[in-house]
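Okay, here's what each chain looks like letter by letter:
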Amino acid sequence: MLIIPIKDGENIDRALKRYKRKFDKTGVVRQLRSRQAFIKPSVTRRAQIQKAAYIQGLRDSLES
């Protein structure tokens, strides 16, 4: 459970913005979406390797 202490005279919009930021950092929505379907560990690893290769290719192209 997220607790957002509201200071005296603080705007409710600012407190709501702090709540949303804290909620995003916890990663609850991302975790729920990833758990909707099972993904095999080998498929996850393959995606990570492909992403790393893509990023490395971008960095190599910037250097040369």
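Okay, so let's go over this structure. (Residues numbered from 1 in each chain as written. Predicted model: local features only at pLDDT ≥ 70, side-chain atom pairs only at ≥ 80, totals over all residues. Heavy atoms only, no water.)

**Some points on the overall build of the protein**
Along the protein, the regular secondary structure elements total 3 helices and 0 strands. On C-alpha atoms alone, the protein measures out to a radius of gyration of 20 Å, which is more than a quarter above the 11 Å that the 2.2 N^0.38 rule sets for 64 residues. The principal-axis extent of the C-alpha atoms belonging to the protein is close to 55 × 40 × 10 Å. By the burial criterion, 5% of the 64 residues in the protein qualify as buried. When the accessible surface of the protein is split by element, carbon and sulfur atoms take 57% of a total near 6,400 Å². Taken together, the 16 basic and 6 acidic charged side chains of the protein have centroids lying 9 Å from each other. (Helix = DSSP H or I, 4+ residues; strand = E, 2+ residues; numbered from the N terminus. Rg over C-alpha atoms; globule rule 2.2 N^0.38 Å. Buried < 20%, exposed > 50% of the residue type's maximum accessible area, 1.4 Å probe, protein only. Areas by Shrake-Rupley, 256 points an atom, 1.4 Å probe, with all protein chains shown as cover. Lys, Arg positive; Asp, Glu negative; His and termini not counted. Charge placed at Lys NZ, Arg CZ, Asp CG, Glu CD.)

**So, the pattern of salt bridges**
By the definition in use, this model includes 1 salt bridge. Taking the shortest distance from any N to any O, the salt bridge between Glu10 and Arg18 comes out at 3.3 Å. A residue is classified by how much of its surface remains accessible, and Glu10, at 19% relative accessible area, is buried. (Salt bridge = Lys/Arg side-chain N within 4 Å of Asp/Glu carboxyl O.)

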